[in-house]
2 protein chains.
Amino acid sequence: MSVPVLLVLDADPPPRLGSLTGRARILHTDEAGLAARLPVADVLLVWDFTSTAVRDAWPGEGPRPLWVHTASAGVDHLMCPELAASDTRVTNARGVFDQPIAEYVAALVLTMAKDLPRTLELQREGVWRHRESQRVAGTRACVVGSGPIGRAIASTLKALGIVTALVGRRSRTGIHGPDDLDRLMARADWVIAAAPLTAETHGMFDARRFGMMQPSARFINIGRGQLVVEEALVEAVSKRWIAGAALDVFDTEPLPPESPLWRVPGLIVSPHMSGDTIGWRDELGKQFVELYDRWEAGRSLPNVVDKKRGYVPGH
Amino acid sequence: MSVPVLLVLDADPPPRLGSLTGRARILHTDEAGLAARLPVADVLLVWDFTSTAVRDAWPGEGPRPLWVHTASAGVDHLMCPELAASDTRVTNARGVFDQPIAEYVAALVLTMAKDLPRTLELQREGVWRHRESQRVAGTRACVVGSGPIGRAIASTLKALGIVTALVGRRSRTGIHGPDDLDRLMARADWVIAAAPLTAETHGMFDARRFGMMQPSARFINIGRGQLVVEEALVEAVSKRWIAGAALDVFDTEPLPPESPLWRVPGLIVSPHMSGDTIGWRDELGKQFVELYDRWEAGRSLPNVVDKKRGYVPGH
């Protein structure tokens, strides 16, 4: 085979691809140019992981890349039936975001327990008002999603003394199956959504489930916006069915200025940044080059997504 | 001895003293009445630990209590030379605040690393602005104060993967002596003040020491306000000698509305609440009753303060 064509779907060029010089012919494309270039690509790097252009362009005419890598943990934005049915391998950025997201969730849990948003408000008003805050040690968390991100969240929360249960697609050692979810949510102080977006998880956090939570409990989503029925969450927080929530991901991103989610008291909104710590782009670039090295050498790839399930299957 | 007189200096009556009925004659007093009642008291419970009335009243005429207990970790507010020179035993609330304060410090560290105050500001403005945040794992903390509170902070930060050094009054296994402080502060990402207020620690965090810190580093004080030269900290944060700070304690409390500390960008102000989690008053009441049980039975008391040093000596 001649030098493979590496097509990169990007807004900003990825860092760290320098070592591929001479080993790949690198073509950059934006969303509009993707369909025309797909047939010439051996490898597709989905660097702009907010784009859904792959899903739209894939079903078109002509040959398709042998391998697609996305610089994200989730693959929901690129999967389509034609890609799932094809021989193309899909890999993801498994591993890069685990610890950063776990720290971010710990930050949200502690911030809410210690009432820091209110402290910052009172500071702005110049008002000294002592309040009692909450211990986190001894509280209960239910982490939904048993992949590397969910497991990293669980370890970090456990290190803070939080009694943590993990819920996955099927029950196995140390992980609860879906049948336990309602029971665990009903007694949790913290419910954390860290599942991949699939047909099964779409809209799983709905009015029924929020209604089941304790009034003192809080909900955090760092997975995908579509896991949550947003109107149901707005109602649950506004009506104090639950004590608060924090969303880092949304059905529509960027969250439109007119969205009511910006202005629900007790709801923290952040701009899909939970895993993005300084150096994250370098990490993602480095990870892709490592995979490319293996692919070029004909070795097996790690992080291969089960395209039917929509995630990398665990042990 | 007839039923001992227990004098309680309080603003709100302490909970959990019910079990002392018949075993102590309980007198309540406010600050103004303290001097007149001190001579009749066998035991003094300083429940209002914000008061400096003991320090003022103690040098007066007449007999003095055999035992003084303060519902606080610090004893700086009640110590005076006459009390220090007396035979009166002083005990403190050692243990009650350790874990709550450790969680609070973790909340501040994570909040600052993840830029949550800015996230909340942007949410108020309805602005979606992605930023990169910081990992805490692998950063370095220097915790100044090697008592139970400092040690609890160090364990919690270590559990988050933060490389943590403890600095105490003298070097011993696992604890650095004061000679290492400047060097440790100069390379720390987080400097946490958790020392008792004594003649040696008064004003120890001054312009020289803030000038020594890294521009990316942050300072947290959950000990006593007087550990810090407040004007020097305002200058250090305002001029970006350091990246930020969080103060839970102040030279004057409540912090006066006109204090410039309320309005320094990058400085978080909270109202002396780091250790005060739900149930803390019950904990403090229960702890005093346990000590009273021992005192009444003539057994040795734990938590006895070295009155010359101003804290309970460690191992």
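One numbering rule holds for all chains: residues counted from 1, following each sequence as written. Chains and ligands are labelled sequentially in the order written, the chains with letters from A and the ligands with numbers from 1. At least 70 in pLDDT is required for a residue's local features to be given in this predicted model, at least 80 for side-chain atom pairs to be given and counted, and no such filter applies to totals for whole chains, interfaces and linings, which use all residues. With hydrogens and water set aside, each side-chain value is computed from the structure's full complement of heavy atoms.

1. Structural notes on the overall build of chain A
As a reminder of what qualifies: The helix and strand labels rest on DSSP assignments: H or I over at least four residues marks a helix, E over at least two residues marks a strand, and numbering proceeds from the N terminus. For a compact globule the rule gives 2.2 Å times the number of residues to the power 0.38, and the radius of gyration it is set against comes from C-alpha atoms. Contacts: residue pairs with any heavy atoms within 4.5 Å of one another. Values of accessible area rely on a 1.4 Å probe in the Shrake-Rupley scheme; residue burial ignores everything except the protein chains shown. In this tally, Lys and Arg are treated as positive and Asp and Glu as negative; His is ignored, and so are the chain termini. The location of each charge is read from NZ of Lys, CZ of Arg, CG of Asp or CD of Glu.
What chain A contains, in helices and strands, is 10 helices and 11 strands. Taken over C-alpha atoms, the radius of gyration comes to 21 Å for chain A, in line with the 20 Å a tight globule of 315 residues would show. Taken along the three principal axes of its C-alpha coordinates, chain A extends 70 × 45 × 35 Å. Considering only intrachain contacts with a sequence separation of at least 6, the fraction spanning at least 24 residues in chain A is 60%. For chain A, the accessible surface area stands at approximately 12,900 Å², while carbon and sulfur atoms represent 51% of it. Looking at charge distribution, chain A has the averaged site of its 36 positive side-chain charges lying 7 Å from that of its 37 negative ones.

2. As for the pattern of salt bridges
All names here are of chain A. Stated precisely, the cut-off is as follows: By definition, a salt bridge exists where a carboxyl oxygen of Asp or Glu is found within 4 Å of a side-chain nitrogen of Lys or Arg. A 1.4 Å probe rolled over the protein chains alone gives each residue an accessible area, and that area as a share of the maximum for its type sets the label: buried under 20%, exposed over 50%, partly exposed in between.
One pass over the full model with this rule turns up 30 salt bridges over all chains. The salt bridge involving Arg-169 is made with Glu-200; its shortest N-O contact spans 3.3 Å. With Arg-169 in the loop between β7 (163-167) and α7 (181-187) and Glu-200 in the loop between β8 (190-193) and α8 (207-212), this pair connects stretches of sequence that are 31 residues apart. Accessibility expressed as a relative area gives 40% for Arg-169, which makes it partly exposed.

3. Thoughts on the interface of chain A and chain B
Where we set the bar: Two parts placed together each lose some accessible area; with a 1.4 Å probe, that loss summed over both constitutes the buried area. Each polar contact in these results corresponds to two N or O atoms within 3.5 Å; when the atoms are within protein, one needs to be able to donate a hydrogen and the other to accept it, and residues that are neighboring in sequence are counted only if both atoms are side-chain atoms.
With 51 residues of chain A in contact, the opposing surface of chain B contributes 51 residues. Buried surface at the junction of chain A and chain B, both sides included, amounts to about 4,500 Å², of which 66% is carbon and sulfur. The largest contributions to the chain A side of the interface with chain B come from Glu-103, Gln-123 and Trp-128 of chain A, which together make up 18% of the buried area. As a salt-bridge pair, Glu-103 of chain B and Lys-114 of chain A come within 2.9 Å of each other at their nearest N and O atoms. Where chain A touches chain B, the interface holds 23 residue pairs in polar contact (both at pLDDT 80 or more). Every element with two or more residues in the side of chain A that touches chain B is listed here: α4 (98-113), α5 (116-125), α6 (148-159), β11 (267-269) and α10 (280-296) of chain A. Broken down by element, the residue count for the side of chain A that touches chain B peaks at 9 residues, all from α4 of chain A.

4. Some remarks on the relation of the copies chain A and chain B
Defined as follows: Least-squares superposition of the copies uses the C-alpha atoms of those residues scoring a pLDDT of at least 70 in each of them.
Expressed as a screw operation, the relation of chain A to chain B combines 0.0 Å of axial shift with a rotation of 180°, fitting to an RMSD of 0.0 Å. This pairing of chains is accounted for by a two-fold axis. Mapped onto chain B, 100% of the interface residues of chain A are again interface residues, and the two copies thus contact each other with one and the same surface.

5. Structural notes on helix α9 (residues 230-238) of chain B
Residue and element names in this part refer to chain B. Every buried residue belonging to α9 is among Glu-230, Ala-232, Leu-233, Val-234, Ala-236 and Val-237, and all of these are buried. Buried residues in α9 make contact with α8 (207-212), β9 (218-221), β10 (244-247) and β11 (267-269). At the C-terminal side of α9, Arg-240 shows a positive phi close to 60°.

6. Structural notes on the confidence of the model for chain A
Test applied: Each residue carries a pLDDT score, the predictor's own confidence in it, on a scale running from 0 to 100.
On average, residues of chain A score 96 in pLDDT, and 99% of them are at 70 or above. The ipTM value of the predicted complex is 0.95, and its pTM value is 0.95.

7. Observations regarding the packing of aromatic side chains
The condition that has to hold: Each Phe, Tyr or Trp ring, with Trp reduced to its six-membered ring, pairs with another whose centre is within 6.5 Å; inter-plane angles below 30 degrees give stacked pairs, above 60 give edge-to-face pairs, and intermediate values give tilted ones.
Applying the stated criterion across every chain, the model contains 20 aromatic pairs over all chains. Considering the side-chain rings of Tyr-292 of chain A and Trp-295 of chain A, the 5.6 Å spacing of their centres and the 50° angle between planes classify their relative orientation as tilted. Pair noted here: Tyr-292 of chain A and Trp-295 of chain A are both in helix α10, with a separation of 3 residues, about one helical turn. Here the two residues Tyr-292 of chain A and Trp-295 of chain A agree in accessibility, since each one is buried. Ring centres 6.0 Å apart and planes at 70° place the aromatic pair Phe-49 of chain B and Trp-280 of chain B in the edge-to-face group. On the criterion of sequence distance, the pair formed by Phe-49 of chain B in the loop between β3 (43-46) and α2 (53-57) and Trp-280 of chain B in helix α10 (residues 280-296) is long-range, its members being 231 residues apart. Judged by its relative accessible area of 24%, Phe-49 of chain B falls in the partly exposed class.

8. Structural notes on the nonpolar core
Stated formally: Residues belong to one nonpolar core when they are buried, are Ala, Val, Leu, Ile, Met, Phe, Trp, Tyr or Cys, and are joined through side-chain atoms within 4.5 Å.
The biggest cluster of nonpolar side chains holds 108 residues, and the ones touching the most others in it are Ile-153 of chain A together with Ile-153 of chain B. Not counting residues within four places of it along the chain, the set of residues in contact with Ile-153 of chain B comprises Ile-101, Ala-102, Val-105, Val-143, Ile-192, Ala-194 and Ile-222 of chain B.

9. Re the side chain of Thr-70 of chain A
Checked against the element boundaries, Thr-70 of chain A lands in strand β4 (residues 67-70). At 2.7 Å, the side chain of Thr-70 of chain A forms a polar contact with the side chain of Ser-72 of chain A.

10. Quick notes on the side chain of Asp-42 of chain B
Residues and elements named next belong to chain B. Here Asp-42 is to be found in the loop between α1 (31-37) and β3. This buried residue, Asp-42, is left without a salt bridge; Arg-25 holds the nearest opposite charge, at 7.1 Å. Among the polar contacts listed, one links the side chain of Asp-42 to the backbone nitrogen of Val-5, at a separation of 2.7 Å.

11. A few points about the domain arrangement of chain A
All names here are of chain A. To keep it simple, the criterion reads: Boundaries between domains were set according to an automatic or database domain assignment.
Partitioning chain A into structural domains gives domain 1 (3-91 + 277-295) and domain 2 (96-267). For domain 1 and domain 2, the distance between their C-alpha centres works out to 32 Å. By the criterion of area lost to domain 2, the three top residues of domain 1 are Ala-73, Asp-76 and Thr-277, representing 53% of everything that side buries. Across the contact surface, domain 1 and domain 2 share 1 salt bridge. With a closest N to O distance of 2.9 Å, Arg-224 and Asp-76 form a salt bridge. Taken together, the links from domain 1 to domain 2 amount to 1 residue pair in polar contact (both at pLDDT 80 or more).

12. Thoughts on the packing of helix α4 (residues 98-113) of chain B against helix α6 (residues 148-159) of chain B
Residues and elements named next belong to chain B. The test is simple: Throughout, an axis means a line fitted to C-alpha atoms (over the contacting stretch in the case of helices), and angles, computed between N-to-C directions, take values from 0 to 180 degrees. In this scheme, roughly parallel covers angles under 35 degrees and roughly antiparallel covers those over 145, while 65 to 115 is roughly perpendicular and the rest are oblique. For any helix crossing, the convention is left-handed if the near helix is rotated counterclockwise from the far helix by under a right angle, and right-handed if that rotation is clockwise. Residue polarity follows a fixed list, in which Ala, Val, Leu, Ile, Met, Phe, Trp, Tyr, Cys and Pro are nonpolar, Asp, Glu, Lys and Arg are charged, and the others, Gly among them, are polar.
Running from N to C, α4 and α6 point in directions that differ by 45°, and their axes come no closer than 8 Å. Our classification of the angle between α4 and α6 gives oblique. The element α4 and its partner α6 pack so that their crossing is right-handed. Here Asp-98, Gln-99, Ile-101, Ala-102, Val-105, Ala-106 and Val-109 of α4 lie close against α6, whose contacting residues are Pro-148, Ile-149, Ala-152, Ile-153, Thr-156 and Leu-157. Tallied by class, residues from the contact of α4 with α6 come to 10 nonpolar, 2 polar and 1 charged.

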